[in-house]
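# Structural overview
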2 protein chains.
Amino acid sequence: MRRVRARRGEGAQLREELLSAAEELLAEAGTEEALTLRAVAARAGVSTPAVYLHFADKEALVEAVCMRVWGELGRLFRDNLGGDPWPAMGRCARAYIRFALDHPVQYRVLMMRPSASPGVPPAAAEAFGHMVDAVSACMETGVVEGDPAEVALGLWSALHGCASLMIAQPSFPWPDREALIDRVVRVAGFGTALYSRLPRDLPPSEELAARFDALGAELAAGEGQSSP
Amino acid sequence: MRRVRARRGEGAQLREELLSAAEELLAEAGTEEALTLRAVAARAGVSTPAVYLHFADKEALVEAVCMRVWGELGRLFRDNLGGDPWPAMGRCARAYIRFALDHPVQYRVLMMRPSASPGVPPAAAEAFGHMVDAVSACMETGVVEGDPAEVALGLWSALHGCASLMIAQPSFPWPDREALIDRVVRVAGFGTALYSRLPRDLPPSEELAARFDALGAELAAGEGQSSP
DNA sequence: ACCGTCAGGTTAACGGTGTCAACCTGAGCG
DNA sequence: CGCTCAGGTTGACACCGTTAACCTGACGGT
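No experiment lies behind these values; they were computed from the predicted model shown.

Bringing the protein's contact with DNA strand D into the picture now. In the vicinity of DNA strand D there are 27 residues, among which Arg38(A), Lys58(A), Arg5(B), Gly11(B) and Ser47(B) approach most closely. When the atoms of DNA strand D within 4 Å of the protein are sorted by group, sugar and phosphate make up 53%. One of the backbone N or O atoms of Glu10(B) is found 3.4 Å from a phosphate oxygen in DNA strand D. Class assignment for the residues of the surface near DNA strand D results in 10 nonpolar, 5 polar and 12 charged.

Below, the structure is given as structure tokens:
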């Protein structure tokens, strides 16, 4: 059980082992309460205070775990970019929600924890940058307008809302998971596309409904394969 | 400091005092870590294990606090219902986000905590029911279609995503708060209105952009006062 | 070949937490 | 008056994050 002491100059390798141990604990226990300094150290085969050789406190360890998760999310986005922009954004969005639902504990500590250190961490900025890229690409085709960062934040909000609500309140009357993902992605996309085009003061409800009906009917006439 | 012992048959009044103490602690400290059984008991002028006379464990106390918050949210919805449905839904949505941002700690323990007990708590169901009502009213005017509960869940997801992201990740490049609220509410509304009207397979991006442009131009011609 | 240094840990302890078993106490009844 | 039992209190336990003090053995210098 006891880990063999690292050789000189290789002390930093314990840091990685601690992080891996922490991720394993999270994944296995399914609760962040299982993420104890004592448990992490024990799993790494090391005494508890040894954690403090590489992390200032527990918060620093958790934040390091979060950076790893941000890295995974960023990689996920990068792999889904490319090709026709509108479907690419759809793929990114779907991948995001699926990641969140497949790794609920990691996602929870990532997003639902009061960020102690101020400023956007680099790994998070990179992941967010990829999402901004996806949105920017959509703008070049003309289907979405506005400030890319702002639109990306709005889309992120929608995705995060769906994912985190499903994770935190599983007992709500959720519809089928894939259907909901589909719905959220399309609602966010359509809404964003329309937002910048509509005037600030809208016509009364009946008028509005009629216009939406007209657009729907018109679009139903032509068919294609671009499905965000 | 010491609370006078309750008279016979009025032991339940300590329960309310404990809940109030817990809410005060949460609001004053601004961190859920301040919600300690010892601190709650001390503020209520009572010894720590006295909490166990009314709550099975700490989790039960926290859940009871959540029920109070759900109640406030439900009341907020109820007060904003009525009148023209589309603007009413907008008011509800704005009130929701403002409540979340004005009570970040309470909102965090409400929504970002793994719900221990299974099933939807009654207070939550009531609050959600009000939102379903708002959506249903919008459907009767014809501006939104689909299953009311499902649409309400989608709207809730959007609101929650915006609120919780702003709370949990304040260091992101957020735009002006009111502008963002406005954006999210309208995006969710427009997106939902369009979702059920558009075919599953969409035309290519340029075609899509042209149609959206046309709708925007057409709506810009008429002006009204209905602004969700 | 020896030795001192210091990176890479360990042991022991402290204060704070949730929780439980055991004990107390005094208001209200007969 | 005396009994009872609702409404608490005391004391203790295991576990948590965190710190100070100590150990140890691989390496560079001689």
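Having seen the structure, we can now continue with the description.
Below, the discussion takes up the interface of chain A and chain B. Accessible area lost upon the coming together of the parts serves often as the stated size of an interface. Contacts between the two partners involve 72 residues from chain A, matched on the other side by 71 residues from chain B. Interface area, chain A with chain B, both sides summed: about 7200 Å², of which 65% is carbon and sulfur. Contact with chain B buries area across many residues of chain A, yet Arg183(A), Tyr195(A) and Leu219(A) alone supply 10% of it, more than any other trio. The tally of links from chain A across to chain B stands at 6 salt bridges. The salt bridge partner of Asp213(B) is Arg197(A), with a shortest N-O separation of 2.6 Å. Here chain A is connected to chain B by 18 residue pairs in polar contact (both at pLDDT 80 or more). Counting only elements with at least two residues in the side of chain A that touches chain B, the list comes to α5 (104-111), α7 (148-168), α8 (177-195) and α9 (205-221) of chain A. No other element matches α8(A), which puts 12 residues into the side of chain A that touches chain B. A per-class count over the side of chain A that touches chain B returns 39 nonpolar, 18 polar and 15 charged.

Below, the discussion takes up the domain arrangement of chain A. Residue and element names in this part refer to chain A. Domain boundaries in chain A define domain 1 (1-55) and domain 2 (63-198). Counting the surface lost from both domain 1 and domain 2, the interface buries some 860 Å², and carbon and sulfur atoms represent 63% of this. The three residues of domain 1 that bury the most area against domain 2 are Glu 23, Leu 26 and Glu 32, which together make up 56% of that side's buried surface. One can count 3 salt bridges joining domain 1 with domain 2.

The rules we used
- Residues numbered from 1 in each chain as written.
- Chains lettered and ligands numbered in written order.
- Predicted model: local features only at pLDDT ≥ 70, side-chain atom pairs only at ≥ 80, totals over all residues.
- Heavy atoms only, no water.
- Near = heavy atom within 4 Å.
- Polar contact = N/O pair within 3.5 Å; in protein donor to acceptor, adjacent residues only side chain to side chain.
- Nonpolar A, V, L, I, M, F, W, Y, C, P; charged D, E, K, R; others polar.
- Contact = heavy atoms within 4.5 Å.
- Buried area = accessible area lost by both parts, 1.4 Å probe.
- Salt bridge = Lys/Arg side-chain N within 4 Å of Asp/Glu carboxyl O.
- Helix = DSSP H or I, 4+ residues; strand = E, 2+ residues; numbered from the N terminus.
- Domains from an automatic or database assignment.

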